[in-house]
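Secondary and tertiary structure notes
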Amino acid sequence: MGTVGEEDIKVSSVSSVDQEKELDAGALFVLKSKGSWVHCGYHLTTSIVAPPLLSLPFAFVSLGWWGGILCLVIGALVTFYSYNLLSRVLEHHAHLGRRHLRFRDMANDVLGPRWGKYYVGPIQFMVCYGAVIGSTLLGGQCMKAIYLLSNPSGSMKLYEFVVIFGGLMLILAQMPSFHSLRHINLISLLLCLAYSACATAGSIYIGRSSKGPERDYSIDGDKETRIFGIFNAIAIIATTFGNGIIPEIQATIAPPVKGKMFKGLCICYAMLSTTFFSVAISGYWAFGNKAEGLILSNFTHNGQNLVPKSFIFITNIFTILQLSAVAVVYLQPTNEVLERAFADPKSSEFSTRNVIPRVISRSISVIISTTIAAMLPFFGDINAVVGAFGFLPLDFVLPVIFYNLTFKPSKRRPIFWFNMAIALVFSVLGIIAAVAAVRQISLDAKTYRLFANV
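In short, a report on the structure. (Residues numbered from 1 in each chain as written. Predicted model: local features only at pLDDT ≥ 70, side-chain atom pairs only at ≥ 80, totals over all residues. Heavy atoms only, no water.)

1. Focus: the overall build of the protein
Looking only at helices and strands, one finds 17 helices and 2 strands in the protein. Taken against the 2.2 N^0.38 rule, which gives 22 Å for 454 residues, the C-alpha radius of gyration of the protein at 22 Å falls within 12% of a compact globule. Dimensions along the principal axes, computed over C-alpha positions, put the protein at roughly 70 × 60 × 40 Å. For the protein, with 454 residues in total, the buried portion stands at 53%. Long-range contacts, defined as pairs at least 24 residues apart, comprise 84% of the intrachain contacts of the protein with a sequence gap of at least 6. Summing over all exposed atoms, the protein offers an accessible surface of approximately 19,600 Å²; the carbon and sulfur share of this is 67%. (Helix = DSSP H or I, 4+ residues; strand = E, 2+ residues; numbered from the N terminus. Rg over C-alpha atoms; globule rule 2.2 N^0.38 Å. Buried < 20%, exposed > 50% of the residue type's maximum accessible area, 1.4 Å probe, protein only. Contact = heavy atoms within 4.5 Å. Areas by Shrake-Rupley, 256 points an atom, 1.4 Å probe, with all protein chains shown as cover.)

2. Section: the packing of helix H4 (residues 56–95) against helix H5 (residues 103–110)
Viewed as axis vectors pointing N to C, H4 and H5 meet at an angle of 70°, and their least axial separation amounts to 12 Å. It follows that H4 is roughly perpendicular to H5 by the angle criterion. From H4, Leu86, Val89, Leu90 and His93 reach across to H5, where they touch Phe103, Met106, Asp109 and Val110. Here the residues of the contact of H4 with H5 sort into 6 nonpolar, 1 polar and 1 charged. (Axes fitted to C-alpha atoms, helices over the stretch in contact; angles between N-to-C directions. Parallel < 35°, antiparallel > 145°, perpendicular 65-115°, else oblique. Nonpolar A, V, L, I, M, F, W, Y, C, P; charged D, E, K, R; others polar.)

3. Remarks on the nonpolar core
Leu54, Phe276 and Phe402 are the most contacted members of the largest nonpolar core, which totals 127 residues. A total of 15 residues in this core trace back to one element, the largest contributor, which is helix H6 (residues 113–150). In this structure, Leu54 is in contact with Tyr195, Ala199, Val279, Gly293, Leu294, Ile295, Leu296 and Thr319, ignoring residues within four places of it in sequence. (Core = buried A, V, L, I, M, F, W, Y, C linked by side-chain atoms within 4.5 Å.)

4. Focus: unusual backbone geometry
Each neighbour pair has its own omega, and for Pro255 with Pro256 the value is 0°, a cis peptide bond. Of note in the backbone geometry, Lys408 takes a positive phi value of approximately 50° without being a glycine. Structurally, Lys408 is set in the loop between helix H16 (391–407) and helix H17 (414–444).

5. Focus on helix H11 (residues 260–287)
With 28 residues, H11 ought to run about 40 Å at 1.5 Å a step, and its terminal C-alpha atoms sit 41 Å apart, in line with that. One or two steps after H11, the chain reaches Gly288, where phi turns positive at roughly 60°. (Expected span 1.5 Å × (residues − 1).)

6. As for the pattern of salt bridges
Per the stated rule, a full pass over the model turns up 10 salt bridges. For Arg102, the salt bridge identified is with Glu336, shortest N-O distance 2.4 Å. With Arg102 in the loop between H4 and H5 and Glu336 in helix H13 (residues 332–342), this pair connects stretches of sequence that are 234 residues apart. Using a relative accessible area of 9% as the deciding quantity, one classes Arg102 as buried. The exposure class of Glu336 is buried, given its relative accessible area of 2%. Across the salt bridge formed by Glu224 and Arg439, the nearest N and O atoms sit 3.6 Å from each other. In this pair, Glu224 sits in helix H9 (residues 223–241) while Arg439 sits in helix H17, placing the two residues 215 residues apart along the sequence. Among the charged side chains, a network of salt bridges with common partners joins Asp24, Arg102, Arg104, Asp105, Glu336 and Arg340. (Salt bridge = Lys/Arg side-chain N within 4 Å of Asp/Glu carboxyl O.)

7. Regarding the packing of aromatic side chains
Pairs of aromatic rings are described using the distance from one ring centre to the other and the angle between the two planes. One pass over the structure, following the stated rule, counts 17 aromatic pairs. Here the aromatic rings of Phe80 and Tyr269 are separated by 5.1 Å at their centres, their planes lie at 80°, and the arrangement is edge-to-face. Of this pair, Phe80 sits in helix H4 while Tyr269 sits in helix H11, and the two are 189 residues apart along the sequence. Among the residues examined, Tyr269 registers a relative accessible area of 8% and is labelled buried. Ring centres 4.6 Å apart and planes at 25° place the aromatic pair Phe396 and Phe426 in the stacked group. On the criterion of sequence distance, the pair formed by Phe396 in helix H16 and Phe426 in helix H17 is long-range, its members being 30 residues apart. Phe426 carries the same exposure label as Phe396, and that label is buried. (Phe/Tyr/Trp six-rings, centres within 6.5 Å; stacked < 30°, edge-to-face > 60°.)

8. Things to note about empty space enclosed by the protein
Throughout the structure, instances matching the rule amount to 1 cavity of 30 Å³ or more. In terms of lining, the largest cavity is formed by Asn335, Leu338, Glu339, Phe342, Ala343, Asn354, Pro357, Arg358, Ser361 and Arg362. Elements represented by at least two residues in the lining of the largest cavity include exactly H13 and helix H14 (352–375). By residue number, the principal contributor to the lining of the largest cavity is H14, which donates 5 residues. Its residues placed into classes, the lining of the largest cavity shows 4 nonpolar, 3 polar and 3 charged. (1 Å grid on protein atoms, 1.4 Å probe; cavity = no way out; pocket = protein on both sides within 12 Å on 5 of 7 lines; lining within 4 Å. Points joined across faces, edges and corners; volume = space filled by probe spheres on them.)

9. Looking at a nonpolar patch on the surface
Taken together, Ile356, Ile360, Ile364 and Ile368 make up a surface patch of nonpolar side chains, about 360 Å² in accessible area. Here Ile356 lies in helix H14. (Patch = residues over 30% accessible without salt bridge, like charges linked within 9 Å, V, L, I, M, F, W, Y side chains within 5 Å.)

10. Looking at the environment of Tyr119
By the element assignment, Tyr119 lies in helix H6. For Tyr119, a relative accessible area of 28% corresponds to the partly exposed category. Each C-alpha atom, one on Tyr119 and one on Arg104, is 8.6 Å from the other, the two residues being 15 residues apart in sequence. Apart from residues lying up to four places away in sequence, Tyr119 is in contact with Arg114, Phe389, Pro393 and Leu398.

Read these as geometric descriptors, not functional statements.
Now the structure itself:
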């Protein structure tokens, strides 16, 4: 057994050395494979356990207690299962000497080049860049909340805070590789625990006091509104569990990769279970059907703070700092594309030939995302559509299809039909959730205005 393990390591090492000689600049510089499973856990946690989890109580408003908890449990189980399957497929190809560092490379090999080039690649880019824009917008909104705490009659507009957050992103975007974010993502892991604890504690404090609104857990609206509300809530939960960059995260692991991603997923889902359920349950318990799109907004009611001002300030600071880490993680696929287009793999990573194009291209990318976030403060509605079309297929549907096509389990085995059932159910949910998200945009369209101060 020991001899087989040594041979596996030698095969992996030799194939990785041969592959490195053929890597383009994007894979060589941005997706360098030097990390451990612990670093992988940091990256996974930052990409999944992010401030959108603060919208989970709002999802419960349309689902109720049992529906909300059931969707959370199903989302956690299915995504853990899907991400683990995706990791096993990647490990299998790596063992065969074809280690895939990008989602589109994996799709090229398993589904064919057209699927990678015209579907998986564009969908992943749209989802990840959308996450950068959404994080920038949310960061600006949290900054504005802090500003209004200290200066309630202040005249600064939302887009000004979005630009300030974009300035922070200009600096972080220059981190050379995904692996170089490992220390930032460790801090990010601690920050997500911190603001989740604050959100939970704040909700419990308000719920136990007489300051909060009267609790009502009924689901409002007519039949049509309730039905579309359910699917919109499912899209919110699916987007919260979404990742979309599992292959890129696994690419940061030093070979041999076998078993390391599973350990990283265990770290991530320990954090996820702690934060998602505590925030969702405490927030919905405290505010009922009056829970807002971001639970922190409920900490202020009719212009009065329901918790100490310093508590709101600290919670928003934690959220802003983690948002910057989340944004820079989801910027990595864009950075990889830019590096592949403009860098020279034969030159040193930090040579003038590569540093100047890197700084210019990444800065332009951040400026574009910041401009979109400032112009479209209603981007959350658009992001719901992106999530339905992007996160659901990438994270719920494609992993089980990749597994069945790669390992070809017999149709007599339950795993084949279980995987097909997941693919079918979540494909249908994705289509319906997309329709619900488009409907929400049509309802909110009359309030849309460029550079609106919301």
